[in-house]
Amino acid sequence: MKKIELEIVALSHSITQTHSYAVVLGEVNGLRRLPIVIGGFEAQAIAVALEKMNPSRPLTHDLMKNFLNAFTIDLHEIIICDLQEGIFYSKLVCSSENDTIEIDSRTSDALALAVRFGCPIYTYENILESAGILMEDTGTGNKKKKAKQEVVVEETGNTGNEDLKALSIEELDALLNDVLESEDYIRAIAIRDEINSRKKKR
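Computed from a prediction, not measured in an experiment: that's the story for all the values here.

(A) Here's a closer look at the pairing of strand E5 (residues 87-95). Within E5, seven of the nine residues are buried, which leaves it mostly tucked inside the rest of the structure. Judged from the nine bridges that link them, strand E4 (residues 74-84) and E5 form a sheet pairing that is antiparallel. Bridge pairing in E5 links Leu83 to Phe88. Joining the antiparallel neighbours E4 and E5 is a turn of two residues, in which Glu85 adopts a positive phi near 50°.

Following this line, the structure appears as structure tokens:
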């Protein structure tokens, strides 16, 4: 199965939902985005590495990196390999002098390690097809946008999905474009799920 390379393009925090964060992965040389809801601790672990901060004592993921380095184990890549009932599953592809192995991992932990090791992030077409969001081309050509390395705080106060049921598919599509413009990725996930739910019922 062909792998599609992704990069972290944003880390979003909802001010209206406690501990609600989304890490947004973008298709390299493409327009699709894959938002993944993660916890506060995991968001902090990713943000610290993106900002190249040096905590006085190693965080859990720093400890894991130090451990792997001490035993000469390389982290080559991470693969977001499955999606079941809204939960993403990942694996770490590691190698030592004698062997290459794949280790199951929570996706948030895998991303925190990928940032620390500078290794590529991959997924498969079927996952991007079912959970991805297509961004409109803004006419910037093939210029590669630099990944945002700051936490983007949402300004929108409405993150519930109760009002989405009353909207038509066309209205949901328009709303999805609006919230993506304002980088409200957590709201975008709810809208995307509502659209996918309607399409399955047809």
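That was the structure; now back to the text.
(B) The arrangement of the packing of aromatic side chains in detail. Counting across every chain of the model gives one aromatic pair. Measuring from centroid to centroid gives 5.1 Å for Phe67 and Phe71, while their planes differ by 45°, and the two rings are tilted. The class of Phe67 is partly exposed, set by a relative accessible area of 48%. For the cation-ring pair, Lys3 lies above Tyr122, with the distance from its terminal atom to the ring centre recorded as 4.5 Å. Over the ring of Phe117 we find Lys65, and its NZ or CZ is 5.8 Å from the ring centre.

(C) Spatial organisation of helix H3 (residues 107-117). Most of H3 is tucked away: nine of the 11 residues are buried. Every buried residue of H3 is accounted for by Thr107, Ser108, Asp109, Ala110, Leu111, Ala112, Leu113, Ala114 and Arg116. In the stretch just after H3, Gly118 is the one whose phi turns positive, near 70°.

(D) Layout of the pattern of salt bridges. Following the criterion strictly, the structure yields 10 salt bridges and no others. Where Glu102 meets Lys91, a salt bridge forms, and the shortest distance between an N and an O atom there is 3.2 Å. With a gap of 11 residues between them, Glu102 in strand E6 (residues 100-106) and Lys91 in strand E5 connect regions that are remote in the sequence. Given the relative accessible area of 17%, Lys91 is considered buried. A salt bridge links Glu194 to Arg198; its shortest N-O distance comes to 2.9 Å. You can see Glu194 and its partner Arg198 sitting in helix H6 (residues 185-201), four residues apart, about one turn around the helix. With a relative accessible area of 8%, Glu194 lands in the buried category.

(E) Geometry of unusual backbone geometry. For Thr72, which is not glycine, the phi torsion reads 50° and is therefore positive. Note on placement: Thr72 falls in the loop between helix H2 (60-70) and E4. Exposure remark for Thr72: the relative accessible area of 61% places this residue in the exposed category.

(F) Structural view of the packing of H2 against H3. H3 packs onto H2 with a crossing angle of 60° between their chain directions and a minimal axis gap of 10 Å. Relative to H3, the element H2 lies oblique. Remark: the crossing between H2 and H3 carries right-handed chirality. Note on element contacts: H3 touches H2 through Asp109, Ala112, Leu113, Arg116 and Phe117, opposite His61, Asp62, Met64, Lys65, Leu68 and Asn69. Considered class by class, the residues forming the contact of H2 with H3 number five nonpolar, two polar and four charged.

(G) Broad picture of the environment of Cys94. Along the chain, the position of Cys94 falls in strand E5. Excluding residues that lie within four positions of it along the chain, Cys94 makes contacts with Ile73, Asp74, Leu75, His76, Asp99, Thr100, Ile101 and Ile103.

(H) Main features of the nonpolar core. Counting 31 residues, the largest nonpolar core has Leu34 and Ile78 as its most contacted members. Those elements that place two or more of their residues in this core are strand E1 (3-13), strand E2 (21-27), strand E3 (32-38), helix H1 (40-50), E4, E5, H3 and helix H4 (125-131). Residues in contact with Leu34, not counting those within four places in the same chain, are Leu6, Val23, Val24, Leu25, Ile80, Phe88, Ile127, Leu128, Ala131 and Gly132. Ranked by size, the runner-up nonpolar core spans 12 residues in total, among them Ile133, Met135, Val179 and Leu180.

How each quantity is defined
- Residues numbered from 1 in each chain as written.
- Predicted model: local features only at pLDDT ≥ 70, side-chain atom pairs only at ≥ 80, totals over all residues.
- Heavy atoms only, no water.
- Buried < 20%, exposed > 50% of the residue type's maximum accessible area, 1.4 Å probe, protein only.
- Helix = DSSP H or I, 4+ residues; strand = E, 2+ residues; numbered from the N terminus.
- Pairing = 2+ DSSP bridges.
- Phe/Tyr/Trp six-rings, centres within 6.5 Å; stacked < 30°, edge-to-face > 60°.
- Lys NZ or Arg CZ within 6 Å of the ring centre and 35° of its normal.
- Salt bridge = Lys/Arg side-chain N within 4 Å of Asp/Glu carboxyl O.
- Axes fitted to C-alpha atoms, helices over the stretch in contact; angles between N-to-C directions.
- Parallel < 35°, antiparallel > 145°, perpendicular 65-115°, else oblique.
- Left-handed = near helix turned anticlockwise from the far one by under 90°.
- Contact = heavy atoms within 4.5 Å.
- Nonpolar A, V, L, I, M, F, W, Y, C, P; charged D, E, K, R; others polar.
- Core = buried A, V, L, I, M, F, W, Y, C linked by side-chain atoms within 4.5 Å.

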